[in-house]
2 protein chains.
Amino acid sequence: MANKKTTLKDIAIALNISTAAVSKALNDDSRISIKTKEAVKKVAKELNYQPNHLASALRKGKSNLVGVIVPRTNSNFFSSVIQNIEEVLNKKGYNIIITQSNESYKKECSNIDTLLFTQVDGIIASMANETTNLAYFEKVKSKGIPLILFDRGENDLNVDYIGINDYDSSHMIVEHLINQGCKRIAHIGGYRHTRIFNNRIRGYVDAIKKHQLPADEQLLLESNLTIEDGREKMLELLQLKNRPDAVYVASDFAALGALQILQEKNIQVPNEIALVGFGNEPFTAMVTPALSTINQHSGEIGKMAANTFLELADVAELKQTLNKKILQAELIVRDSSKRK
Amino acid sequence: MANKKTTLKDIAIALNISTAAVSKALNDDSRISIKTKEAVKKVAKELNYQPNHLASALRKGKSNLVGVIVPRTNSNFFSSVIQNIEEVLNKKGYNIIITQSNESYKKECSNIDTLLFTQVDGIIASMANETTNLAYFEKVKSKGIPLILFDRGENDLNVDYIGINDYDSSHMIVEHLINQGCKRIAHIGGYRHTRIFNNRIRGYVDAIKKHQLPADEQLLLESNLTIEDGREKMLELLQLKNRPDAVYVASDFAALGALQILQEKNIQVPNEIALVGFGNEPFTAMVTPALSTINQHSGEIGKMAANTFLELADVAELKQTLNKKILQAELIVRDSSKRK
C-alpha cells in the first residue's frame, strides 16, 4: 500500500514537462496538444493519479463542507444537535465533518485550524468548558467564514447564536422545587465564565432571592459537570451542617453522579433530597427514580443552526443584524423531584 | 460577512498578472521581482487573503488528517473508540475528523467522498448496517490510502481489522444462561450480511446445538437493533406459544427496548425471562435490573486502530501481511440474567 498520493508533479517529472502543462492537459485545455494530453492521461492512469476535486474547490472558494465543533459527541444533546444539522444541510448539498474539543481549549483551537485547513464553508460550534480566550473564534470571523454558535456561546463574539433561555430555566426548576415543599435548594452549576452556566447560576440566585429562601453561599458550587464531579460535589453538600433538601444540577451527567451518592448513602430521593438535572439525556428516564430534567430542544437547535448557516452562506454582503434565537426550555418532572 | 474566500485568482485579477505569478510572489520565488512581490502582498492583505496550507498539503500529498467513519456518534462504544483513536493520533501530530453514516449506505459513500476530498492521510471506519456493496471502500484502497476497519468490517475487503471475537462472545453468553438454568434461549440478532452480527448468530446457533437445546427457528430474529426494534422483536417473542426463558440481544440498545416491554408486561427479569445485551453502554449499569452485557474493549480497539494507521502510514511499500487483531470480549454478569 503506497502511502503517498500521485501528484501533478509526479506526472510532470515522468514526462519532463511543467506541472502547469499537466494540469491544463488533464482539464482538456485547448492550449495543449492532443498528443501531450494523451501522454499525460496515460501516465496519470499508470501512476493511479486521482483528479483532485479539492483543488477545484480551492479555485472556486467553496467546498460544500460545514465543520461542527462540539465539546464531546457522547452526549445525547450534542449528538442530536449534530444529527439535525446534518439532516438539514445534506438536503442542501452540504456534508458535515465533526470534531470534538473534549472540553479542552487547546484542542478546540486545533479543531478550528483543521476545519479551516479543510476549507469548510462554515463552522457551527459549541464552546469547550475551558475556553475563555476568543482569539481563535475571532480568526474564523476575520476570514469571513460563517460562524454560528449554539448552546455554549459568548455575547462578546457577536456572531449568530442559538440556545435556550438558561436564566428562565433555572427559575422554572427552583419554582418547581419550592412547589414540592423544598426550602433549602442547592445548585451544582457549571463554570461562571461560560455564558450558559453563568445564566443558570444567575437564574438560580435570583429565583432563590425572589422567593425569600436562604441564599447560602455554601449551597452554590461550581463544577466541570462530569459524573465524577457530580459525585464529589454531592458529597460536599452532604457534609454541610445544614444540608439541602433539594439539589438542582446544571447537567444530567453530574446529576447522575449525585444520584449515585444519594443511593449509596441510602438517602431517599425525592423525600429527603429532591434532585433535578439538565439536558434530558435518555438515561434520565431510565434510572430509578427517574430524573426530572430540562428539555433543551436539541432537534430545534440543530435545525435552526443549520438554517442560519444557509442564510449566511447566501448573503454575499455584510449582514447587518445578528440572529439570537433563544428557545424556551421545557421542564420534565419525574420521580426524582415529585414529592406530592 | 463575505461568503467567499479571497483566492489567488482575485489577487491576479486585481493586479492584472497571472495566478501562477501571484502564487510564486507569495512564496518568495526568486523568479518574481521584489516590486511585484510587494504589490501582491499589499493586495493580498487588502483583500484579506489567507495563505492556504491545504494547497501545500496537496503538493506534498500529506494533510496530517485522519478520517473516522462511524454508524453514529451517540453510542458509547463508538464515541469511546473515537476518543482513543484521537488520543493516540493527536500525540503523533495527526488531527481527526469524524463523519457518521447513520447506518445508511448512501451516507457512508458520501462520507468517503468527503474524507477523500479533504485529503485525509487515512480512514478508520466501522461499516453501516445497510452496507453490502464494498465498491466505495475498494475505492479508498485503490487510492493507496491506509484503510482500517473496526467492529463492523468485511473479510472480503482484505484490509486491516480490529474487533472482538463475536463468535466466542455468543458462546460465553449462551453458556452463562444455561448455567443460570435457562432452557429456551432466544437471540435478537443483527443482520446476517454484517460479519460481526453473522458471527454472533453463528456462535449462538452452534452453542445451542453444542448443549443440545431446542434450535427453534422462531427463537432467532434479525433486527436493526434500535431501541424501537428491540421492543418490536420482544413482543414477537412473547407471542410465541412456547416462549423463551432467556433472550440474548446483539446490542444494548435493542436489549433496553426488550427490557421496557418486559417491564410493561410485568414479566419478571431474570426469573421469568433472563436478558443479556451486548456492548456495555453506560446505561446498562443504571437500569433496573442492571443489564448483563459484553464489554467490547472500545478503548483498546481505538488505540489499536490508531496504531495500525501509524504503522501503515510509515510503510512506503506494499504491506505483505494484514493485521487482524481479535480481542477476547468479557462477559459482565448483572442482575438481568443472575438467577442463582
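Residues numbered from 1 in each chain as written. Chains lettered and ligands numbered in written order. Predicted model: local features only at pLDDT ≥ 70, side-chain atom pairs only at ≥ 80, totals over all residues. Heavy atoms only, no water.

- You'll find chain A entered in an unreviewed UniProt entry as Transcriptional regulator, LacI family, with Cellulophaga tyrosinoxydans given as the organism.

**Here we look at the overall build of chain A**
Item 1. Looking only at helices and strands, one finds 12 helices and 12 strands in chain A.
Item 2. For chain A, the C-alpha radius of gyration of 26 Å lies well beyond 20 Å, the compact-globule estimate for 340 residues.
Item 3. Over its C-alpha atoms, taken along the principal directions, chain A stretches across nearly 90 × 50 × 30 Å.
Item 4. Here chain A holds 340 residues, and the buried ones make up 58% of them.
Item 5. Sequence-distant contacts, at least 24 apart, represent 72% of the contacts inside chain A between residues at least 6 apart.
Item 6. Surface accessibility of chain A: about 14400 Å² in total, with carbon and sulfur atoms responsible for 48%.
Item 7. Separation of charge centres in chain A, based on 43 positive and 39 negative side chains, amounts to 5 Å. (Helix = DSSP H or I, 4+ residues; strand = E, 2+ residues; numbered from the N terminus. Rg over C-alpha atoms; globule rule 2.2 N^0.38 Å. Buried < 20%, exposed > 50% of the residue type's maximum accessible area, 1.4 Å probe, protein only. Contact = heavy atoms within 4.5 Å. Areas by Shrake-Rupley, 256 points an atom, 1.4 Å probe, with all protein chains shown as cover. Lys, Arg positive; Asp, Glu negative; His and termini not counted. Charge placed at Lys NZ, Arg CZ, Asp CG, Glu CD.)

**Thoughts on the packing of helix α1 (residues 8-15) of chain A against helix α2 (residues 19-26) of chain A**
Residue and element names in this part refer to chain A.
Item 1. α2 packs onto α1 with a crossing angle of 105 degrees between their chain directions and a minimal axis gap of 8 Å. On the basis of the axis angle, α1 is roughly perpendicular to α2. Residues L8, K9, I11 and A12 of α1 lie in contact with α2, whose contacting residues are T19, V22, S23 and L26.
Item 2. The residue inventory of the contact of α1 with α2, partitioned by class, reads five nonpolar, two polar and one charged. (Axes fitted to C-alpha atoms, helices over the stretch in contact; angles between N-to-C directions. Parallel < 35°, antiparallel > 145°, perpendicular 65-115°, else oblique. Nonpolar A, V, L, I, M, F, W, Y, C, P; charged D, E, K, R; others polar.)

**Digging into the sheet that holds strand β6 (residues 185-189) of chain B**
Each strand in a sheet pairs with its neighbour through backbone hydrogen bonds, running either in the same direction (parallel) or in the opposite one (antiparallel).
Residues and elements named next belong to chain B.
Item 1. If you walk across this open sheet you meet the four strands as β7-β6-β8-β9, and the pairing is parallel. The sheet is open, and its two edges are formed by β7 (220-222) and β9 (274-276), each paired on a single side. The mean angle between the axes of side-by-side strands here comes to 15 degrees, regardless of whether they run parallel or antiparallel.
Item 2. Across four bridges, the pairing between β6 and strand β8 (residues 246-249) is parallel. From the neighbouring strand, H187 faces β8, where its bridge partner is Y248.
Item 3. In the packing of helix α10 (residues 227-238) onto the sheet, the strands contacted are β6, β7 and β8, and the crossing angle to β6 comes to about 150 degrees.
Item 4. On the sheet, helix α11 (residues 252-264) packs against β8 and β9 and is oriented at approximately 160 degrees with respect to β9. (Pairing = 2+ DSSP bridges.)

**Describing the packing of helix α6 (residues 105-117) of chain B against helix α7 (residues 135-142) of chain B**
All names here are of chain B.
Item 1. Two numbers describe how α6 lies on α7: the axes approach to 9 Å, and their chain directions differ by 15 degrees. If you check the angle between α6 and α7, you find them roughly parallel. The handedness of the crossing between α6 and α7 comes out as left-handed. Along its contact with α6, which presents Y105, E108, C109, I112, D113 and L116, the element α7 presents Y136, F137, K139 and V140. (Left-handed = near helix turned anticlockwise from the far one by under 90°.)

**Digging into unusual backbone geometry**
Item 1. Here the bond from A:T288 into A:P289 is cis, since omega is -10 degrees, no more than 30 degrees from zero.
Item 2. Looking at the element boundaries, A:P289 is found in the loop between β9 (274-276) and β10 (293-295).
Item 3. For the peptide bond that leads from B:V269 to B:P270, omega is 10 degrees, which places it in the cis range.
Item 4. Position of B:P270 relative to the elements: it lies in the loop between α11 and β9.

**Concerning the pattern of salt bridges**
Item 1. The full count for this structure, using the stated rule, is 28 salt bridges over all chains.
Item 2. The salt bridge involving A:R184 is made with A:D216; its shortest N-O contact spans 3.1 Å. Taken together, the residues span a long stretch of sequence, with A:R184 in the loop between α8 (166-179) and β6 (185-189) and A:D216 in the loop between α9 (195-210) and β7 (220-222) at a distance of 32 residues.
Item 3. Taking the shortest distance from any N to any O, the salt bridge between B:R231 and B:E264 comes out at 3.0 Å. Of the two residues, B:R231 is situated in helix α10 and B:E264 in helix α11; the sequence distance between them amounts to 33 residues.
Item 4. Taking the relative accessible area as the measure of exposure, B:R231 reaches 25% and is therefore partly exposed.
Item 5. One continuous salt-bridge network, built from bridges that share partners, spans A:R72, A:E103 and A:R152. (Salt bridge = Lys/Arg side-chain N within 4 Å of Asp/Glu carboxyl O.)

**Some words on the side chain of A:S223**
Residues and elements named next belong to chain A.
Item 1. Mapped onto the elements, S223 comes out in the loop between β7 and α10 (227-238).
Item 2. A polar contact of 2.7 Å, which involves the side chain of S223, links it to the side chain of D229.
Item 3. Setting aside residues no more than four positions away along its own chain, S223 makes contact with I188, G189, G190, Y191, D229 and K233. (Polar contact = N/O pair within 3.5 Å; in protein donor to acceptor, adjacent residues only side chain to side chain.)

**Section: the domain arrangement of chain A**
Item 1. Assigned domains within chain A: domain 1 (8-51), domain 2 (63-164 + 298-327) and domain 3 (166-296).
Item 2. Between the C-alpha centres of domain 1 of chain A and domain 3 of chain A there is a distance of 66 Å. (Domains from an automatic or database assignment.)

**Let's talk about the environment of B:N129**
Residue and element names in this part refer to chain B.
Item 1. Tracing the backbone through its elements, the reader meets N129 in the loop between β3 (122-125) and α7.
Item 2. Placed 34 residues apart in sequence, N129 and N95 show a C-alpha to C-alpha distance of 27 Å.
Item 3. In this structure, N129 is in contact with E103, R152, Y191, H193, T194, F197 and N224, ignoring residues within four places of it in sequence.

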